[in-house]
Amino acid sequence: MTLNHDLHPLLDSPERLEHRLKEIPPEPGVYLMRDGGDRILYIGKSKRLRSRVRSYFRQSQPLSDRIALMVRQVCDIEFIVTDSEAEALALEANLIKQHQPQFNVLLKDDKKYPYLCITWSEDYPRIFITRKRRIANPKDRYYGPYVDTRQLRSTLNLVKRIFPLRQRPKPLFKDRPCLNYDIGRCPGVCQELITPEAYHQIIEKVAMVFQGRIGELESLLTQQMQTAAAQLEFEKAAELRDRLHGLQSLGVDQKVALPDDRISRDAIALRLGERHACIQLFQIRAGKLIGRLGFIANSDDPGSILQRVLEDHYRRLDPIEIPSTILLQHPLPDAEFLETWLSQIRGRKVTLEVPQRQHKAELIAMVERNAAYELARLERGDRRNQEALNDLAQLLGQTTPPRRLECYDISHSQGANAVASRVVFLDGHPAKQEYRHYKIRNPDVRSGHSDDFASLAEVLQRRFRDYDSPQTLIESPDYPDLVVIDGGKGQLSAVMKILQEMGLDQVLQVVSLAKQREEIFIPGCSEPLDSHPEQPGVQLLRRLRDESHRFAISFHRQQRTKRMRRSRLDEIPGLGFQRQQQLLAHFHSLDYIMQASPEQLAEVPGIGKRLAAEIYGYFRG
């Protein structure tokens, strides 16, 4: 249900606030806080919506600085009633992933730590490491986030040596497998020499490694090895023996072993800083540490942080991955619900415990020490960024450090495939969700004729054309405190000319950064600012410029590759864009298309015998 929208904060009108709160039912569900621009500020869940939402507005209720700032902006409250708190928990996670509210920090994907992904939705699943947990298909699974990236890569490399897995995202050859098949590293996925069902069975064993079920997997392989030997299948038994030895080597580097080697448990602890909280979760299976996961949140009540992290983490896991015991550093605000919910998912009793002494308490203390080290590393990075921002503000004569920095760069090959990039740093950190690509539309920029000045002017005009007045730009949430142009005085002059025509030159601070001497130019000055290439503020601009250059180059290469792949196909009569895509999807390469016979070409959907003969004849013209 959606309540009536009002542009004024609810705190400014006690009568309207009380009226809103009375309309919220005392049932389980999800609530959404909105600001005056109808943007979602915060999404939460509760088993009693009315009392939970009311707690935000009680003067006696202590709130963190982050939540207090959010409450002052709330102009409307929306709610969705569910049948149970478990349903509310799932709905809350989906809505947060969809809307990414500003004040929800715990359930957003953290790019700091990597995940391992298995694409179960495919006939031949891929296994890869990624820092973006985007669930495009509900069948795909993500394990992590892992703190020790080196250990994760080492484990994955070892797994690829133990089990025959696909080693390449695309086939190396069209009609035969590569060397990996000959040496037993790959079962011939590219030529479908193994059925999807059989390959899924291999992947299921691999998944057991990252689920912490190595002991169970060793028992399974031992049983299969003994069965194969009994049936005189000695070659198969030898393969299973080698896999067993490889699995046993995974535990050689274990640094933690607990006295009780029968218990599987998770231990979670955190360390709070002024702005951030670093959370560590240790996965103990059969007395050994098999995984160390990391999470980052804004500082808040420790119990609330742990509750939300655990809810989000265990929602992603298979029931068999949930341990019987979870050790906590702090009591949870709603431990009874979490315990019941996890027990229902697992099908067996799950116990939450705050240990006070002996081995369990020592384990929690060790987890907390690791969280403290992660927090110290994070805060060192924040301090370096803040020093750079302060230095940059002093260099440019700004009274406050710039928060949002935007940088623009152009990339082309002698005018061909000209593109531009926009890279954004927020508080000194890359904000990749704000990155943008631009294809240059200027007809004068073409192969053999480049014009970086005109290209930059076009991009800046497209970036700011939707703002009808300077005040509208200043009040917008994506107003840049500093715009950086990759280039010298010429590029800066071209950009300032278009901004003057738009009436925005007085509200935007623009500088250019020349590559050779890392000189900073500002409008109206023929000489660069007095700066040193190694001072913190200039180093920050260099990181911003280099990231913009990388982003532009990668997009340009992508466009150039597409153009090269399609250029010769465009010349074939009757072969439109859709059929070109079908050909490339089938053969994966223009070279393979050129070598294909008419019969092989005709196998592609949409390519009949007549068109296949046209294509075949064109390449042999």
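It should be noted that the structure appears before, not after, this text.
Notes on the structure follow.

About the criteria used
Chains are numbered independently. Their residues run from 1 in the order of the written sequence. Where local features are concerned, this predicted model is filtered to residues with pLDDT of at least 70; where side-chain atom pairs are given and counted, the filter is 80 or more; whole-chain, interface and lining totals use all residues. Neither water nor hydrogens contribute to the side-chain values; these are computed over all heavy atoms in the structure. Helix and strand assignments follow DSSP, with helices taken as H or I runs no shorter than four residues and strands as E runs no shorter than two, numbered in order from the N terminus. Type-normalised accessible area, obtained with a 1.4 Å probe on protein chains alone, sets the label of each residue: buried when under 20%, exposed when over 50%, and partly exposed for intermediate values. The criterion used for residue contact is that any of the two residues' heavy atoms lie within 4.5 Å. Here, the term nonpolar core denotes a set of buried Ala, Val, Leu, Ile, Met, Phe, Trp, Tyr and Cys residues that are joined through side-chain atoms within 4.5 Å. Strands are labelled as partners when DSSP assigns at least two bridges between them. Axis lines are fitted through C-alpha atoms, for helices just across the contact stretch, and the angle between N-to-C directions can take any value from 0 to 180 degrees. Aromatic contacts are taken between Phe, Tyr and Trp rings whose centres are within 6.5 Å, Trp giving its six-membered ring; a plane angle under 30 degrees counts as stacked, one over 60 as edge-to-face, and the others as tilted. What a helix is expected to span follows from its residue count: subtract one and scale by 1.5 Å. Each patch groups residues whose relative accessible area exceeds 30% and which form no salt bridge, using 9 Å between like charges and 5 Å between nonpolar side chains of Val, Leu, Ile, Met, Phe, Trp and Tyr. Exposure was quantified through the Shrake-Rupley algorithm and a 1.4 Å probe, taking into account, for residues, occlusion by the shown protein chains and nothing else. Here, a salt bridge means any Lys or Arg side-chain nitrogen found within 4 Å of an Asp or Glu carboxyl oxygen. Just so you know, the count uses Lys and Arg for positive and Asp and Glu for negative, and it drops His and the chain ends. In plain terms, the charge of a residue is placed at NZ if it is Lys, CZ if Arg, CG if Asp and CD if Glu. Pairs of cysteine sulfur atoms within 2.5 Å are what we label disulfides. In protein, a polar contact requires one atom able to donate a hydrogen and another able to accept it; more generally it is a pair of N or O atoms within 3.5 Å, and residues adjacent in sequence count only if both atoms are side-chain atoms.

### Re the overall build of the protein chain
Link 1 in the chain: What the protein chain contains, in helices and strands, is 20 helices and 18 strands.
Link 2 in the chain: In terms of overall dimensions, the protein chain has C-alpha extents of about 85 × 85 × 50 Å along its principal axes.
Link 3 in the chain: A total of 621 residues make up the protein chain; the buried ones form 48% of that total.
Link 4 in the chain: Partitioning the contacts of the protein chain with sequence separation of at least 6, the portion at a separation of at least 24 is 62%.

### Details of the nonpolar core
One recurring pattern in soluble globular proteins is that nonpolar side chains are buried together.
Link 1 in the chain: Ranked by internal contacts, the top residues of the largest apolar core, which has 55 residues, are Leu116, Leu165, Phe210 and Ile279.
Link 2 in the chain: Of all the elements, helix 7 (residues 196-210) adds the most residues to this core, at eight residues.
Link 3 in the chain: Phenylalanine 210 has contacts with Leu116, Tyr143, Tyr146, Leu152, Thr155, Leu156 and Val159, leaving out every residue within four places of it along the chain.
Link 4 in the chain: Of all hydrophobic cores here, the second largest spans 27 residues; its members include Val459, Phe464, Tyr467 and Ile485.

### Focus on the sheet that holds strand 9 (residues 288-298)
To summarise the sheet geometry, strands pair through backbone hydrogen bonds and adopt either a parallel or an antiparallel arrangement.
Link 1 in the chain: Here five strands make up an open sheet; going across it, the order is 9-8-7-10-11 and the pairing mixed. The open sheet terminates on both sides in strands that have one partner only, identified here as strand 9 and strand 11 (351-353). This sheet shows a mean twist of 20° between the axes of neighbouring strands, independent of strand direction.
Link 2 in the chain: Where strand 7 (residues 265-272) and strand 10 (residues 325-328) come together, four bridges link them in parallel fashion.

### Observations regarding the packing of aromatic side chains
Link 1 in the chain: Considering all chains together, one arrives at eight aromatic pairs under this definition.
Link 2 in the chain: On the basis of an interplanar angle of 85° and a centroid distance of 6.4 Å, the ring pair of tyrosine 115 and tyrosine 142 is categorised as edge-to-face. With tyrosine 115 in strand 4 (residues 115-118) and tyrosine 142 in strand 6 (residues 141-143), this residue pair connects regions lying 27 residues apart in the sequence. As far as burial versus exposure is concerned, tyrosine 115 and tyrosine 142 are alike and both buried.
Link 3 in the chain: Grouped by ring-pair contacts, the aromatic residues Tyr31, Tyr42 and Tyr56 constitute a single cluster.

### Some words on helix 11 (residues 335-346)
Link 1 in the chain: Here helix 11 contains twelve residues, and its C-alpha end-to-end distance of 16 Å stays within 8% of the 16 Å for a straight helix at 1.5 Å per residue.
Link 2 in the chain: For helix 11, the set of buried residues is Phe337, Leu338, Trp341, Leu342 and Ser343.

### Looking at a positive patch on the surface
Link 1 in the chain: A cluster of basic residues, Arg131, Lys132, Arg153 and Lys432, forms a positive patch on the protein surface.
Link 2 in the chain: Positionally, lysine 132 belongs in the loop between strand 5 (127-130) and strand 6.

### Quick notes on the state of the cysteines
Link 1 in the chain: For the structure shown, the criterion picks out zero disulfides.
Link 2 in the chain: Its sulfur unpaired, cysteine 407 is 20 Å from the next cysteine sulfur, which belongs to cysteine 525.
Link 3 in the chain: For cysteine 407, a relative accessible area of 0% corresponds to the buried category.

### Observations concerning the side chain of lysine 160
Link 1 in the chain: In this fold, lysine 160 is placed in helix 5 (residues 149-162).
Link 2 in the chain: Of the side chains with opposite charge, glutamate 122 comes closest to the buried, unpaired lysine 160, at an N-O distance of 12 Å.
Link 3 in the chain: What lysine 160 contacts, discounting residues up to four positions off in sequence, is Ile127, Leu165, Gln167 and Arg185.

### With respect to the side chain of arginine 545
Link 1 in the chain: For arginine 545, the position within the fold is in helix 16 (residues 536-567).
Link 2 in the chain: Within the local environment of arginine 545, its side chain forms a polar contact with the side chain of aspartate 546, the two groups lying 2.9 Å apart.

### Focus on the pattern of salt bridges
Link 1 in the chain: Inspection of the entire model under this criterion finds 30 salt bridges.
Link 2 in the chain: Residue arginine 271 is joined to glutamate 368 by a salt bridge in which the shortest nitrogen-to-oxygen separation is 3.5 Å. On the criterion of sequence distance, the pair formed by arginine 271 in strand 7 and glutamate 368 in helix 12 (residues 358-396) is long-range, its members being 97 residues apart.
Link 3 in the chain: Ionic pairing is found between arginine 545 and aspartate 546, a salt bridge with its closest N-O pair at 2.9 Å.
Link 4 in the chain: On the basis of relative accessibility, which here comes to 4%, the residue arginine 545 falls in the buried class.
Link 5 in the chain: The structure contains a network of salt bridges with shared partners spanning Arg404, Glu406, Arg422, Glu434, Arg463 and Asp478.

### Observations concerning the sheet that holds strand 4
Link 1 in the chain: Read from one edge to the other, the open sheet built from three strands follows the order 5-4-6, with strand pairing classed as antiparallel. Both edges of this open sheet fall to strand 5 and strand 6, since each of them pairs with a single strand only. Neighbour to neighbour, the strand axes of the sheet diverge by 30° on average, direction disregarded.
Link 2 in the chain: When strand 4 meets strand 6, the two strands line up antiparallel, connected through three bridges. The residue of strand 6 that forms the bridge with leucine 116 is tyrosine 143.
Link 3 in the chain: Along the sheet face, helix 5 touches strand 4 and strand 5 and points at about 170° away from the line of strand 5.
Link 4 in the chain: Contacting strand 4, strand 5 and strand 6, helix 7 runs over the sheet at an angle of about 160° to strand 4.

### As for unusual backbone geometry
Link 1 in the chain: Located in the positive-phi region is glutamate 192, a residue other than glycine, with phi close to 55°.
Link 2 in the chain: Note on placement: glutamate 192 falls in the loop between helix 6 (179-182) and helix 7.

### Let's talk about the environment of arginine 34
Link 1 in the chain: By the secondary structure assignment, arginine 34 is in strand 1 (residues 29-34).
Link 2 in the chain: Arginine 34 gets classed as buried once you look at its relative accessible area, which sits at 15%.
Link 3 in the chain: When the C-alpha positions of arginine 34 and leucine 91 are compared, they lie 17 Å apart, and in sequence the two are 57 residues distant.
Link 4 in the chain: At a separation of 2.9 Å, a polar atom in the side chain of arginine 34 contacts the main-chain carbonyl oxygen of aspartate 38.

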